[in-house]
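# Observations on the three-dimensional arrangement
Residues per chain are reported as follows:
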Amino acid sequence: MTVESTAARKPRRSTKRVSAAKKPQSSEPQLVQLLTPEGERVEHPEYEIDLTPDELRGLYRDMVLTRRFDAEATALQRQGELGLWASLLGQEAAQIGSGRALRDDDYVFPTYREHGVAWCRGVDPTNLLGMFRGVNHGGWDPNTNNFHLYTIVIGSQTLHATGYAMGVAKDGADSAVIAYFGDGASSQGDVAESFTFSAVYNAPVVFFCQNNQWAISEPTEKQTRVPLYQRAQGYGFPGVRVDGNDVLACLAVTRSALERARRGEGPTLVEAFTYRMGAHTTSDDPTKYRADEERQAWEAKDPILRLRTYLENAGHADEAFFTSLDEESETLGKRVREAVRAMPDPDHLAIFENVYADGHALVDEERAQFIAYQASFAEEGN
Amino acid sequence: MAVQKLPLAKALNESLRKALETDPKVLIMGEDVGKLGGVFRVTDGLQKDFGEDRVIDTPLAESGIVGTAIGLALRGYRPVVEIQFDGFVFPAYDQIVTQLAKMHARSLGKIKLPVVIRIPYGGGIGAVEHHSESPEALFAHVAGLKVISPSNSSDAYWMLQQAIQSDDPVIFFEPKRRYWDKGEVDVDAIPGPLHKARVIRTGSDITLAAYGPMVKVCVEAAAAAAEEGKSLEVLDLRSMSPIDFDTVQTSVEKTGRLVVVHEAPVFYGSGAEIAARITERCFYHLEAPVLRVGGYHAPYPPARLEEEYLPGLDRVLDAVDRSLAY
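The sections below set out a description of the structure shown in this document. Keep in mind that this is a model prediction, so the values were computed, not measured.

### Concerning helix α10 (residues 270-282) of chain B
- Its 13 residues give α10(B) an end-to-end C-alpha distance of 18 Å, which sits within 8% of 18 Å, the value for a rise of 1.5 Å per residue.
- Within the span of α10(B), buried status applies to B:Ser270, B:Gly271, B:Ile274, B:Ala275, B:Arg277, B:Ile278 and B:Cys282.

Set out below in structure tokens:
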């Protein structure tokens, strides 16, 4: 046995530290999975699901149409019709699975990428495009579909969801609330505070974190040293990691968490382990920070393909179904395209509208000045 | 019986009690607001009488307090939030500015957020750092928020209830060094408009405009100046957003001179806004430039120096003399 010199040991220690920092999640926790990437149905001891072929086809249809809508929006941004787009490509299972777990009387607090959840809530997809086209900051009434407006400041909405859930509990209602956020938002103080408040008040809220591996250019390793779902333990409520590309598992796990909330047992953190296949937004260039091989590896886990494989192998869908869905997708794309191009710019006076509910003297004064200023051009023209 | 003599803090307490009695959707939230009754006892006895479900002790997390209050308001409640001290509001500043202030506009008017944020503010009580600041301009600058401050018990009682009834978010600044000043409150009165300034004392030589803790100083300055034969008009602005410029204009058109007094630093403060607007409105009536008296562009100093920092009688009178010298 040779005695190692101090000099020889040092770099080994430092290497160990570096590798620990790079790979905090070296022992990958078990994902809840009900449908393998190869499209095989598997069982999980805690999460069972029993869906009819019709329901399975419904989930597939939701994912396909959401992806088609997303692709159309991306194209519209490239054509200059939208100022920006945040694509959900790759996250369809996480969103449709969780979204279809919701009841009508549940309330959703999304971030700005939950186009699939909005779809499940019945929000017309064209409504989602107004803010990206720059004609409004959110073009739907949140109370129509119990789907709050998109929130751009990362993590803010988790507190709104918690407060809303506290109100649900006060009202004695048995509905639940779900807050969507990402792995990057998990670093925000507001998310930590929402965990604290929801635990302390036993609020009926489900925190649905779509860990899509990247917060713009920063990997999850820059956000956390422990798997995200384990954060919940420190706050005193359960956390679970689900295969975010498995729509069945996402549905089962979210359904279970919502039921737990409804039973008055408090919050749950669901970490949907998934992947953002596209850019963060259309302003982003992922080729600068991540390797092609990584994306390719995740493409093999595509949420839509795996369900299609299962539907075909189980004989739950025939060629006519897929053909008909292709046609429906094209119709949706066309409708979205036309709706965006037809979207009028807002009236100039919209600047001054809805700043306050009860009015404000300064807003009134500035509106009057604006009107007079605009009118002065009309006079010049005459 | 309808008129009671109450310290300002007690008037606030009575106001909150009335609001809780009147509307079951009103909630009180904050750190230590329950059993303790708040560090200034403004919520004293309310949890005992209305329960933990209405008067809610919160975790020590200001962003969480305001953020969950927004969620409760979205569910139909009317939360009245207490921030323990002025300097502690900043962890909640993001929620207030990016969410509370803008959600009504963002939703094209579909969402109303009737949230009141009570903030004890200002100096003069010998406190430690972060317990004596006057950040009102930071909130008045943000469209979507209304910012008000009572200077006496009657306004404390009525303005707080009006704020709670408002469908807009209101930042309610309480002049903490006036908490123990007594004043008459007529609980049967019909209150005037929330955002209208009030002429506290009429005069003809110069207008003093103040709000919150500095109104009392200006009233005292006017009394002292009267002994020297100077006639000062004193305005209590009461609201910093919106500001009742019409009342200020009317006064300045009469006196020709204006001195704005506040505790907050003068630089970028509400006095700057008032000076600019009144200069536009009253340029040909002004006999002197609008002068401002307030704090320095420095962190609020340790308590042993606050007497030098805070505008007192002498600094107000010095500004009066400078204005009259033009």
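### Digging into the packing of helix α3 (residues 92-99) of chain A against helix α10 (residues 247-262) of chain A
Residue and element names in this part refer to chain A.
- The contact between α3 and α10 brings their axes to 7 Å, and the two run at 40°. One way to sum up the angle between α3 and α10 is to call them oblique. For the element pair α3 and α10, the recorded crossing hand is right-handed. In contact with Ala93, Ala94, Ile96, Gly97 and Ser98 of α3, α10 contributes Val247, Cys250, Leu251 and Thr254.
- Along the lines of polarity and charge, the residues of the contact of α3 with α10 split into six nonpolar, three polar and no charged.

### Side note on the interface of chain A and chain B
- Taken together, the contacts link 40 residues of chain A with 46 residues of chain B.
- Area buried by chain A at its contact with chain B is led by A:Lys170, A:Asn354 and A:Tyr356, which between them contribute 17% of it.
- B:Lys25 is paired through a salt bridge with A:Asp171; the nearest N and O atoms lie 3.9 Å apart.
- Linking chain A to chain B there are 22 residue pairs in polar contact (both at pLDDT 80 or more).
- Where the side of chain A that touches chain B is concerned, the elements lending two or more residues are α7 (156-171), α8 (189-200) and α14 (361-381) of chain A.
- Counting residues per element, the side of chain A that touches chain B draws most heavily on α7(A), which supplies 11 residues.
- Classifying every residue of the side of chain A that touches chain B by side-chain character gives 18 nonpolar, 14 polar and eight charged.

### Considerations on the state of the cysteines
- Tallied over the full model, the rule gives zero disulfides over all chains.
- The thiol of B:Cys282 is unpaired, and the distance to the nearest cysteine sulfur, on B:Cys218, comes to 18 Å.

Definitions and limits used
Residues numbered from 1 in each chain as written. Chains lettered and ligands numbered in written order. Predicted model: local features only at pLDDT ≥ 70, side-chain atom pairs only at ≥ 80, totals over all residues. Heavy atoms only, no water. Helix = DSSP H or I, 4+ residues; strand = E, 2+ residues; numbered from the N terminus. Expected span 1.5 Å × (residues − 1). Buried < 20%, exposed > 50% of the residue type's maximum accessible area, 1.4 Å probe, protein only. Axes fitted to C-alpha atoms, helices over the stretch in contact; angles between N-to-C directions. Parallel < 35°, antiparallel > 145°, perpendicular 65-115°, else oblique. Left-handed = near helix turned anticlockwise from the far one by under 90°. Contact = heavy atoms within 4.5 Å. Nonpolar A, V, L, I, M, F, W, Y, C, P; charged D, E, K, R; others polar. Buried area = accessible area lost by both parts, 1.4 Å probe. Salt bridge = Lys/Arg side-chain N within 4 Å of Asp/Glu carboxyl O. Polar contact = N/O pair within 3.5 Å; in protein donor to acceptor, adjacent residues only side chain to side chain. Disulfide = S-S within 2.5 Å.

Structural measurements only, silent on function.
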